[in-house]
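Architecture at a glance
Spelled out, the chains give:
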Amino acid sequence: MRFNGETILITGGSGGMGETMARRFAGNGARVVVCDLGVEAVDRVVDSLAAEGHEALGVVADTTDEDSMAAAVTAAIERFGSLNGLVTAAGIRQTASGFLDIKLELWRKIQEVNVTGTFIAIRAAAPALIESTGAIVTVSSVTATAARMNQSAYCTSKAAVMHLTKQIALELSPHRVRVNALCPGVTATPMIDEAIRTDGPNLLKEKVEGSLEAFRPGIPLGRLALPEEQAAAAEFLLSADASFITGTALYVDGGVSMLG
Ligand SMILES: NC(=O)c1ccc[n+]([C@@H]2O[C@H](COP(=O)([O-])OP(=O)(O)OC[C@H]3O[C@@H](n4cnc5c(N)ncnc54)[C@H](O)[C@@H]3O)[C@@H](O)[C@H]2O)c1
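Residues numbered from 1 in each chain as written. Predicted model: local features only at pLDDT ≥ 70, side-chain atom pairs only at ≥ 80, totals over all residues. Heavy atoms only, no water.

1. Here's the deal with the side chain of Glu19
Test applied: We count a stretch as a helix when DSSP gives it H or I for four or more residues in a row; a strand needs E for two or more, and each element gets its number in order from the N terminus. Only protein chains enter the area calculation, which uses a 1.4 Å probe; residues under 20% of their type maximum are buried, those over 50% are exposed, and those in between are partly exposed. In protein, a polar contact means a hydrogen-donor-capable atom and an acceptor-capable atom, both N or O and within 3.5 Å, with residues adjacent in sequence counting only if both atoms are side-chain atoms; elsewhere, any N or O pair within 3.5 Å suffices. For this analysis, residues touch if any pair of their heavy atoms sits within 4.5 Å.
Considering the arrangement of structural elements, one finds Glu19 in helix H1 (residues 16–27). Residue Glu19 is classed as buried on the basis of its relative accessible area, which comes to 15%. Polar side-chain contacts of Glu19 include one of 2.9 Å to the side chain of Arg23. Residues within four places of Glu19 in sequence aside, it is in contact with Gly12, Gly13, Ser14, Arg44 and Val45.

Have a look at this one:
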């Protein structure tokens, strides 16, 4: 019970990784605050956690909106009394498009959600985390440090998240609030299902359309990550076991990053 009685807020909390993290943290005694855009999905996660006897609060919140995130943090504190952890898992993908072709509107939207949304969520939660000497995990990507064809907006946004993580880790270090980035490789979530549906042949090295297995050849460990494996790493980074780790990135990518 690593998080007994602690409160952890997860943006993107009803998405593939976010929901899995909520379940894992709740299973370790945390009271979880599930933040996401859609009321039905948020309710589904919270109801099923409650049915298993866990304490969970659902908040419909948009990370790109300061008032919305401030309200989410306020709701968390009103319900549970404090905030001890934040995971910023909210993010959007890029439909494959070359940098010459991508619409500026889409470029801006990806930076807005992935970078500015992460910034806003952290800024909203920071005062409460300073008070509790809490911890933050951002969700970057293996693509933060390696280019991917037709993914300029997404990869740039994830590189920015990685650097933002270091900046904020430095500024929060006097308060002993730790901030680290999780860098997943391809992980079996709805985001990847959608990527394969919409632009499998553009995205994949081997054109096995419509199958997650198509990602396998580029991954040294020979398979996709499970959301549970990302959740386990996020749990470690949030926990006291990582008490001297801040401003760093943990790759959970089956070895992809070692290939450069
Ligand atoms: N799945 C992968 O292979 C992979 C790899 C590397 C990094 N990531 C990153 O991991 C994170 C989680 O991805 P996932 O695979 O679970 O995707 P997902 O699409 O299943 O979940 C993302 C969630 O974020 C929510 N969201 C989007 N914009 C939001 C906003 N403005 N405010 C609040 N919530 C918002 C969505 O509604 C969704 O529930 C993302 O940041 C993604 O970029 C995913």
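Next, the rest of the story.
2. Section: the domain arrangement of the protein chain
What counts, and what does not: Each domain's extent is set by a domain assignment, obtained either automatically or from a database. By buried area we mean how much accessible surface two parts lose on assembly, using a 1.4 Å probe and totalling the loss over both.
You can read the domains of the protein chain as domain 1 (7–185 + 226–251) and domain 2 (187–224). For domain 1 and domain 2, the distance between their C-alpha centres works out to 23 Å. If you look at the interface, domain 1 gives 16 residues, while domain 2 gives 13 residues. Summed over both sides, the interface of domain 1 with domain 2 buries roughly 1000 Å², with 53% coming from carbon and sulfur. Counting the surface domain 1 buries against domain 2, the share from its top three residues, Arg93, Ala96 and Leu226, is 45%.

3. Here's the deal with the packing of helix H4 (residues 104–132) against helix H5 (residues 152–172)
To keep it simple, the criterion reads: With axes taken as lines fitted to C-alpha atoms, and helix axes fitted only over the stretch in contact, angles between N-to-C directions fall between 0 and 180 degrees. Oblique is the label for any angle not covered by the other classes, which are roughly parallel (under 35 degrees), roughly antiparallel (over 145) and roughly perpendicular (65 to 115). Take the far helix as your reference; a near helix turned counterclockwise from it by less than a right angle gives a left-handed crossing, and one turned clockwise gives a right-handed crossing. When residues are grouped by polarity, Ala, Val, Leu, Ile, Met, Phe, Trp, Tyr, Cys and Pro land in nonpolar, Asp, Glu, Lys and Arg in charged, and all others, Gly among them, in polar.
At their nearest, the axes of H4 and H5 sit 9 Å apart, and the two run at 20° to each other. By the angle class used here, H4 and H5 are roughly parallel. Two packed elements cross with a definite hand, and for H4 against H5 that hand is right-handed. Contacts between H4 and H5 involve Trp107, Ile110, Gln111, Asn114, Val115, Thr118, Phe119, Ile122 and Ile130 on the former and, on the latter, Ser152, Ala153, Tyr154, Thr156, Ser157, Lys158, Ala160, Val161, Leu164, Ile168 and Leu172. Tallied by class, the residues present in the contact of H4 with H5 amount to 13 nonpolar, 6 polar and 1 charged.

4. Side note on the environment of Thr156
Among the secondary structure elements, Thr156 is positioned in helix H5. In this structure the C-alpha to C-alpha distance between Thr156 and Ala146, which are 10 residues apart in sequence, comes to 9.8 Å.

5. Re the pairing of strand E2 (residues 31–36)
Our working rule: One requirement defines pairing of two strands: DSSP has to find at least two bridges between them. If the strands point away from the viewer and the path from the first strand over the helix to the second runs clockwise, then the crossover is right-handed.
For E2, the tally of buried residues reaches 6 of 6 residues, placing the bulk of the element in the interior. Of the two faces of E2, the one carrying Arg31, Val33 and Cys35 and the one carrying Val32, Val34 and Asp36 are both buried. Relative to E2, strand E1 (residues 7–11) runs parallel, the two sharing 5 bridges. Residue pairing in the sheet places Ile8 in a bridge with Val32 of E2. One ladder, built from 5 bridges, connects E2 with strand E3 (residues 56–60); its direction is parallel. When the sheet's bridge partners are listed, Val33 is paired in E3 with Leu57. Crossover connection from E2 via helix H2 (residues 39–51) to parallel E3: handedness right-handed.

6. Regarding the site of the ligand
What counts here: Definition of nearness: a residue and a molecule or strand are near each other if at least one heavy atom of the residue lies within 4 Å of the molecule or strand. Using the Shrake-Rupley algorithm and a 1.4 Å probe, accessible areas are obtained, with residue cover drawn only from the displayed protein chains.
Close contacts around the ligand come from 28 residues, with Met17, Asp36, Tyr154, Thr187 and Thr189 the closest. Within the contact set of the ligand, a nitrogen atom lies 3.0 Å away from a backbone nitrogen or oxygen of Thr63. In isolation the ligand exposes 830 Å². Once the protein is present, 89% of that is buried. Counting only elements with at least two residues in the shell around the ligand, the list comes to H1, H5 and helix H6 (190–203). The element that contributes the greatest number of residues to the shell around the ligand is H6, accounting for 3 residues.

7. Quick notes on the pattern of salt bridges
A side chain with one charge can pair with a side chain of the opposite charge if their charged atoms come near. Operational definition: Whenever a carboxyl oxygen of Asp or Glu lies within 4 Å of a side-chain nitrogen of Lys or Arg, that contact is scored as a salt bridge.
This structure, assessed with the given rule, holds 9 salt bridges. Its salt-bridge partner being Arg2, residue Asp241 comes within 2.4 Å of it at the nearest N-O pair. Taken as a pair, Asp241 in the loop between helix H7 (227–238) and strand E7 (249–252) and Arg2 in the segment before E1 lie far apart in primary sequence, 239 residues in all. Take Asp241: its relative accessible area is 53%, and that puts it in the exposed class. Where Glu19 meets Arg23, a salt bridge forms, and the shortest distance between an N and an O atom there is 2.9 Å.

8. Some details on the layout of surface pockets
The gaps left among the atoms become clear once a water-sized probe is rolled over them. Put simply, the test is: Computed over the protein atoms alone on a 1 Å grid, cavities are sets of points where a 1.4 Å probe fits but cannot get out and pockets are open sets with protein on both sides within 12 Å along at least five of seven lines; a residue lines them when it has an atom within 4 Å of a point. Grid points are joined across faces, edges and corners, and a volume is the space filled by probe spheres set on the points.
A volume near 340 Å³ is recorded for the second largest pocket. Thr133, Gly134, Ala135, Arg176 and Arg178 are the residues nearest the centre of the second largest pocket, which is lined by 21 residues in total.

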